[in-house]
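Take a look at the letters that make up each chain.
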Amino acid sequence: MRDGNTFKFNQLYPAGFTPRFVGKTQELYGVLGYKGTSGDFSYDLSGTLARNKLSLSMYDSANFSYGPATQTSFDFGDLIQREVNFNADFTYAAEVGLAAPLTISAGGEFRKETYEQTAGDLQSYAAGPYAVAQQLYTQTAPGVYVDSGTTAAQGVGASGYAGTSEATAGKFDQKAYAAYVGLETDLTDALTVGAAGRYEHYNTFGSAWVGKVNALYKLVEGLSVRGSFGTGFHAPSPGQSNVSIVTTSFNNGNAFQAGTYPVDSAPAQYYGAEALTPEKSTNYGVGVILEPVRGMTITIDGYQIDLRNRIGLTSPFIVDAAAVAAQPALQAVGVDGQVQYFTNGFKTQTRGVDFVGTYRTKFSGAMLNFSLAYNYNNTKLKAFDQQVIGLAQRIDAENLAPKHRLVANANWSLGNLSFNVRENYYSSWTSAQDYGVTVTKAATATTPAEGYANQRFGDKFTTDLELSYIFAEHFTLSIGAQNFTDEHPDRLAANSTVQIYPLTGGTSDGQVYARNGGPFGFNGGFYYTRLRVKY
């Protein structure tokens with residue numbers, strides 16, 4: 001009935017609202033092992049148990065589809081990761097008449113990963129009676145009503161984040177067995193060679209063989225060269241295969257629901273999802289080792305990694321009314337909402353250089369240790385599925401991680417007292433998937449779109465400090481700081497997809513810095529004291 005008896009959500013939050021997200025973690029980790037030697041034979045047996053539980057909730061929110069009956073606080077359920085590992089490693093040094101014994105290594109591993117998501121409150125994810133438009137009538141005479149439009153359909157789930165539903169809750173596990181064997185020896189006083197092979201079997205993805213060969217040759221005293229070739233294999237985790245999350249996002253101040261769904265779910269299947277397959281890689285590396293003066297070591301290595309079937313999120317699929325009608329499960333994000341899922345959508349090639357220099361010396365009775373590490377990493381997209389991988393994904397595949405990384409470290413120690421200072425450098429990076437792109441050339445049926453990220457976040461330096469003192473032999477007291485100078489990433493800049501409000505200096509949902517935090521996070525400095533006990 002269209003009359004004065006109308007509920008408005010500003011009756012619930014007269015001045016507006018900002019949902020407050022709460023996450024509580026519980027972590028358990030333990031290792032039990034036994035190792036020993038017998039002549040030229042050594043063994044190492046170990047078992048590892050790890051469990052991480054994240055309990056999610058929110059307050060100062062609402063599920064608008066329930067109208068005046070909405071809750072304002074919600075429990076979203078728990079996300080739980082469990083890992084069990086058993087390892088057995090053996091080595092034997094056999095005399096075979098070469099310049100050094102032949103080191104034979106062999107072993108096996110059993111690993112079980114379990115990902116579990118438990119259901120949240122019903123209203124945290126469910127569609128209430130106002131999720132679909134309600135017919136309105138106006139009384140024109142006693143007992144006479146005429147059609148006068150409809151109500152607006154309201155969003156489903158808690159505003160800000162939707163909880164895990166009963167349909168998507170569950171426990172998903174993956175078991176893997178592996179065995180390996182390796183050989184390494186000095187063929188001559190100058191030449192060291194090695195080879196290793198590994199077999200893995202997953203109950204979810206089948207089997208794979210991977211291997212590596214390497215060699216090191218000492219040209220002259222203080223100068224050696226080395227090289228390696230190998231293959232790699234990475235199976236999708238149960239979490240990647242089964243994650244189901246719906247969050248509230250904003251585009252120029254307009255809220256919409258964005259869902260990330262398992263590849264076998266109805267929403268993902270509607271948009272063409274296929275079962276994930278393992279990533280496979282081929283790796284090449286060459287380098288030199290220099291020892292120019294006593295106490296100094298310099299290594300320079302170049303490498304190339306060719307990665308196939310790389311796993312990443314698809315471009316967002318925009319949901320329209322026809323899609324919701326065809327697939328009712330899409331009502332969780334609604335019309336104008338977005339759907340993504342993980343896919344094997346990329347083929348990439350990464351080339352890089354690693355430089356590591358160390359120098360050890362004494363000064364006035366104290367030990368001084370210096371190190372300088374530099375990495376250049378350049379990733380290029382060699383192939384991709386244009387149907388599911390968009391321009392933003394392609395830009396981030398090549399630019400999300402900084403291409404240049406530098407770490408300079410100095411450590412001074414005298415007796416039980418030590419002081420460490422570390423300077424970190426990160427070059428610029430992008431987050432195009434979150435903050436948009438500018439298209440310079442539109443996509444066609446046969447060619448992908450071209451363009452650039454709307455914002456490139458600038459390079460930064462951070463400084464870490466730590467002062468430590470060992471007492472009573474087993475105790476170490478430390479005082480330190482990570483990011484001592486309280487550096488932050490660049491603030492978000494206004495652009496075609498990001499609206500910045502002058503009053504807050506942030507977006508409509510409170511973002512001031514990039515949500516992923518960049519390479520060193522957006523929380524600024526971290527200052528601590530730590531007591532370590534070792535027996």
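Residues numbered from 1 in each chain as written. Predicted model: local features only at pLDDT ≥ 70, side-chain atom pairs only at ≥ 80, totals over all residues. Heavy atoms only, no water.

Draft legend 1. The arrangement of the overall build of the chain in detail. Counting its secondary structure elements, the chain contains six helices and 28 strands. In terms of overall dimensions, the chain has a C-alpha envelope of 110 × 55 × 50 Å along the principal axes. Expressed as a percentage of the 535 residues in the chain, the buried residues total 36%. Counting contacts in the chain only where the partners sit at least 6 residues apart, residues at least 24 apart contribute 66% of the total. Just so you have it, the chain exposes about 29000 Å², and 56% of that area is on carbon and sulfur atoms. (Helix = DSSP H or I, 4+ residues; strand = E, 2+ residues; numbered from the N terminus. Buried < 20%, exposed > 50% of the residue type's maximum accessible area, 1.4 Å probe, protein only. Contact = heavy atoms within 4.5 Å. Areas by Shrake-Rupley, 256 points an atom, 1.4 Å probe, with all protein chains shown as cover.)

Draft legend 2. A look at a nonpolar patch on the surface. A cluster of nonpolar side chains, namely Leu-417, Phe-419, Leu-467, Tyr-469, Phe-471, Leu-477, Leu-531, Val-533 and Tyr-535, defines an oily patch on the protein surface of about 870 Å² accessible area. Every element with two or more residues in the nonpolar patch is listed here: strand E21 (417-426), strand E26 (460-471) and strand E28 (526-533). The element best represented in the nonpolar patch is E26, accounting for three residues. Among the structural elements, Leu-477 can be located in strand E27 (residues 475-482). (Patch = residues over 30% accessible without salt bridge, like charges linked within 9 Å, V, L, I, M, F, W, Y side chains within 5 Å. Salt bridge = Lys/Arg side-chain N within 4 Å of Asp/Glu carboxyl O.)

Draft legend 3. Summary view of the packing of aromatic side chains. For the structure on display, the rule yields 23 aromatic pairs. Look at Phe-110 and Tyr-177: their rings are 5.2 Å apart centre to centre, the planes differ by 50 degrees, and that puts the pair in the tilted class. With a gap of 67 residues between them, Phe-110 in strand E4 (residues 102-117) and Tyr-177 in strand E8 (residues 170-186) connect regions that are remote in the sequence. Taking 6.5 Å as the distance between ring centres and 80 degrees as the angle between the ring planes, the aromatic pair formed by Phe-484 and Tyr-527 counts as edge-to-face. With a gap of 43 residues between them, Phe-484 in the loop between E27 and E28 and Tyr-527 in strand E28 connect regions that are remote in the sequence. (Phe/Tyr/Trp six-rings, centres within 6.5 Å; stacked < 30°, edge-to-face > 60°.)

Draft legend 4. Spatial organisation of a positive patch on the surface. The grouping of Lys-280, Arg-308, Lys-347, Arg-351, Lys-380 and Lys-382 at the surface amounts to a positive patch. Elements represented by at least two residues in the positive patch include exactly strand E18 (342-363) and strand E19 (366-384). When you line up the elements, Lys-347 lands in strand E18. (Lys, Arg positive; Asp, Glu negative; His and termini not counted. Charge placed at Lys NZ, Arg CZ, Asp CG, Glu CD.)

Draft legend 5. Just the side chain of Thr-348, in detail. Within the fold, Thr-348 resides in strand E18. Discounting chain neighbours no more than four positions away, the residues touching Thr-348 are Ile-305, Asp-306, Leu-307, Arg-310, Thr-379, Lys-380, Leu-381 and Lys-382.

Draft legend 6. Just the environment of Thr-277, in detail. The residue Thr-277 is located in the loop between helix H3 (266-270) and strand E14 (279-290) in this model. Residues Thr-277 and Pro-236, spaced 41 residues apart in sequence, show a C-alpha to C-alpha distance of 7.0 Å. In this view, Thr-277 contacts Phe-205, Pro-236, Asn-309, Ile-311 and Asn-344; residues no more than four positions away in its chain are not counted.

Draft legend 7. Just the pattern of salt bridges, in detail. Summed over all chains, the structure comprises 12 salt bridges. With its nearest N and O atoms 2.7 Å apart, the salt bridge here joins Asp-301 to Arg-226. With Asp-301 in strand E15 (residues 296-313) and Arg-226 in strand E11 (residues 223-234), the pair connects residues that are 75 residues apart, well separated along the chain. With a relative accessible area of 18%, Asp-301 lands in the buried category. Across the pair Arg-530 and Glu-466 runs a salt bridge whose closest N-O atoms are separated by 2.9 Å. In this pair, Arg-530 is assigned in strand E28 and Glu-466 in strand E26, connecting sequence segments 64 residues apart. Note on Arg-530: relative accessible area 30%, which makes it partly exposed. Through salt bridges with shared partners, a single network forms among Glu-109, Arg-111, Arg-198 and Glu-200.

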